[in-house]
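Here is how the chains run, residue by residue.
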Amino acid sequence: TAFSARQGTLSFWVNPQWPANDTQSHTFLSLRWQHPKNSYLTISQGWWEPGGAGRLYFVLSNQEEVHCNAPFHFQPGRWRLITAVWQAGQAGYCKLFVDGERMAHWQGKFIGDYPPASPLWLGTDVVTTVAAGRQANAFIDDLRFFSVPFGDLTAYQDYEASETIKRERDRPRWDWLSTALN
C-alpha cells in the first residue's frame, strides 16, 4: 500500500546533538501532501515559535488541523524511538509515541485522501509552507513506514523489540562523528 494521509505509522530513532539548554526548533522530517491547500506533514521538536518551544510535534496535515503535541525534553546524545500513527475518517486520529509510550493524541474527523507531493525530507522543514530553516541537528536512523496504524500496544511492543538495539545505540560509538560535525 502506498504511503498516504489516509492511515499509517511512521517510526524512527533520533539522537539529538544540540545542547541541553537549546530552545531552537529542530525538524526531524517533513513532507508536502497533494492537497488543494498545500498541506504538509512534519515531526519536530518545537514548532510555531516561540510558543511551541519545548514541545514535540506531529503535524499530519496543517490544513486539516490534524496534529498533536506534548511537552518533551530530549537529552543530547540519547537515542529515542519516535512513532507517529494516524487514521482518517469520521473517528480519525493521530498519536505520537516516544519509546513506546503515548505522549499525545488528537481525535476528530478528517479526510486524509491524498498522497505525497514531495519526497520525505529528513532534517529540514524545507517543503513546509512555513519553512524557517529548522534543521534536525540530530542523527536519524531506522526510518520505517507501515501502511496500517499501530495501536498503543503495538507501538509499545515495537519499542520493546528494539530495546537491545536501543542499548547498543546508547554506546558512545558515534562520538567521533559528533565531534566532527560540531
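Attention in this report is confined to the structure presented alongside it.

All right, on to the overall build of the protein then. Counting secondary structure elements, the protein contains three helices and ten strands. Going from N to C terminus, the protein has its helices and strands arranged as β-β-β-β-β-β-β-β-β-β-α-α-α. Residues classed as buried in the protein amount to 48% of the 182 residues present. Long-range pairs, those at least 24 residues apart, make up 63% of the contacts in the protein with a sequence separation of at least 6. Accessible surface computed for the protein: about 8800 Å², of which carbon and sulfur atoms make up 51%.

Moving on: the sheet that holds strand S3 (residues 40–45). Reading across from one edge, S5-S4-S3-S2-S9 is the order of the five strands in this open sheet, with antiparallel pairing throughout. One side of each edge strand has no neighbouring strand; the edge strands of this open sheet are strand S5 (66–71) and strand S9 (121–122). Pairing of strand S2 (residues 26–32) with S3, which is carried by six bridges, proceeds in the antiparallel orientation. Within S3, the residue paired with Thr 27 across the bridge is Ser 44.

The subject of this paragraph is the sheet that holds strand S1 (residues 7–16). Whenever strands of a sheet pair, they do so through backbone hydrogen bonds, lying parallel or antiparallel. The strand order across the open sheet built from five strands is S8-S7-S6-S1-S10, with neighbouring strands paired in antiparallel fashion. Two strands close off the open sheet at either side, each with one partner strand: strand S8 (101–107) and strand S10 (138–146). Averaged over all pairs of adjacent strands, the angle between strand axes in this sheet comes to 15 degrees, irrespective of strand direction. In this sheet, strand S6 (residues 80–87) lies alongside S1 in antiparallel orientation, the contact comprising eight bridges. From the neighbouring strand, Thr 9 faces S6, where its bridge partner is Val 85. The sheet strands contacting helix H1 (residues 152–161) are S1, S6, strand S7 (93–98), S8 and S10, and the helix crosses S7 at an angle near 25 degrees.

Criteria and thresholds
Residues numbered from 1 in each chain as written. Predicted model: local features only at pLDDT ≥ 70, side-chain atom pairs only at ≥ 80, totals over all residues. Heavy atoms only, no water. Helix = DSSP H or I, 4+ residues; strand = E, 2+ residues; numbered from the N terminus. Buried < 20%, exposed > 50% of the residue type's maximum accessible area, 1.4 Å probe, protein only. Contact = heavy atoms within 4.5 Å. Areas by Shrake-Rupley, 256 points an atom, 1.4 Å probe, with all protein chains shown as cover. Pairing = 2+ DSSP bridges. Axes fitted to C-alpha atoms, helices over the stretch in contact; angles between N-to-C directions.

By themselves, these are just geometric observations and shouldn't be taken as functional.
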